[in-house]
Amino acid sequence: LDLSRTNFSYKGAMVLTETLKINRTISILRIGCNKLRDEGAGELAEAIKVKKTLNELCVGDNNIGHGGAKRLANALEVNKTLTELDLEYNKIGAEVAKALSEALKINKTLTTLNLRYNKIGDDGKKALSEALNFNATLTKLQYD
């Protein structure tokens, strides 16, 4: 399902989250270049916790900051199906990178994580690199 560049916002994410919780066919969800912000990302995180068929989630360029991205990181700790997560062009800092690194120590399904064009800094990069010592499934980690 591609909802990129559709002016999708938090309110749409609320409705979509409820749909995702019961839908059994959507495996790819692309919502890049919209207006999800922290609230919308938080809503999607709730769906990720229970969704059994979602393999790929793209929420790049959605003005997602600390709150929303941290909820997505927490959802990764319980999700067992997501293989790709694209968070590029958001407002993610070192603290979220650290939360993602903790999630990666638990999550054994994610193979690709895109954090390009965020501000994770050296501390965030270090935490993510250290998480790879505990995670053998992540094969593509992108940041700048």
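Each remark here, short or long, concerns the structure printed above.
Below or above, wherever it landed, is the structure these notes cover. (Residues numbered from 1 in each chain as written. Predicted model: local features only at pLDDT ≥ 70, side-chain atom pairs only at ≥ 80, totals over all residues. Heavy atoms only, no water.)

### With respect to a nonpolar patch on the surface
Phase 1 of the analysis: On the surface, a nonpolar cluster with roughly 260 Å² of combined accessible area is contributed by Tyr-10, Met-14 and Val-15.
Phase 2 of the analysis: Residue placement: Met-14 occurs in helix H1 (residues 10-22). (Patch = residues over 30% accessible without salt bridge, like charges linked within 9 Å, V, L, I, M, F, W, Y side chains within 5 Å. Areas by Shrake-Rupley, 256 points an atom, 1.4 Å probe, with all protein chains shown as cover. Salt bridge = Lys/Arg side-chain N within 4 Å of Asp/Glu carboxyl O. Helix = DSSP H or I, 4+ residues; strand = E, 2+ residues; numbered from the N terminus.)

### Topic: the pattern of salt bridges
Phase 1 of the analysis: Counted according to the given criterion, the structure contains seven salt bridges.
Phase 2 of the analysis: Lys-49 is paired through a salt bridge with Glu-46; the nearest N and O atoms lie 3.4 Å apart. Linking Lys-49 with Glu-46, this pair stays in helix H2 (residues 37-50), spanning three residues, or about one helical turn.
Phase 3 of the analysis: The closest approach of N and O atoms between Glu-102 and Lys-105, which form a salt bridge, is 3.1 Å. Here Glu-102 pairs with Lys-105, and both are found in helix H4 (residues 94-106), just three residues apart, close to one helical turn.
Phase 4 of the analysis: The exposure class of Lys-105 is partly exposed, given its relative accessible area of 30%.
Phase 5 of the analysis: Through salt bridges with shared partners, a single network forms among Glu-46, Lys-49 and Arg-71. (Buried < 20%, exposed > 50% of the residue type's maximum accessible area, 1.4 Å probe, protein only.)

### Things to note about unusual backbone geometry
In terms of backbone geometry, most residues other than glycine have negative phi values and most peptide bonds are trans.
Phase 1 of the analysis: The backbone phi angle of Arg-37 is positive, close to 55°, even though this residue is not glycine.
Phase 2 of the analysis: Relative to the helices and strands, Arg-37 is located in helix H2.
Phase 3 of the analysis: A positive phi is found at Tyr-117, a non-glycine position, where the angle reads about 60°.
Phase 4 of the analysis: Looking at the secondary structure, you find Tyr-117 in the loop between strand E4 (112-114) and helix H5 (121-131).
Phase 5 of the analysis: The class of Tyr-117 is partly exposed, set by a relative accessible area of 39%.

### Describing the environment of Arg-116
Phase 1 of the analysis: Mapping Arg-116 onto the fold places it in the loop between E4 and H5.
Phase 2 of the analysis: Classification of Arg-116 as partly exposed rests on a relative accessible area of 30%.
Phase 3 of the analysis: Along the chain, Arg-116 and Asn-90 lie 26 residues apart, while their C-alpha atoms are 8.7 Å from each other.
Phase 4 of the analysis: In contact with Arg-116, not counting residues within four places along its chain, are Glu-88, Tyr-89, Gln-142, Tyr-143 and Asp-144. (Contact = heavy atoms within 4.5 Å.)

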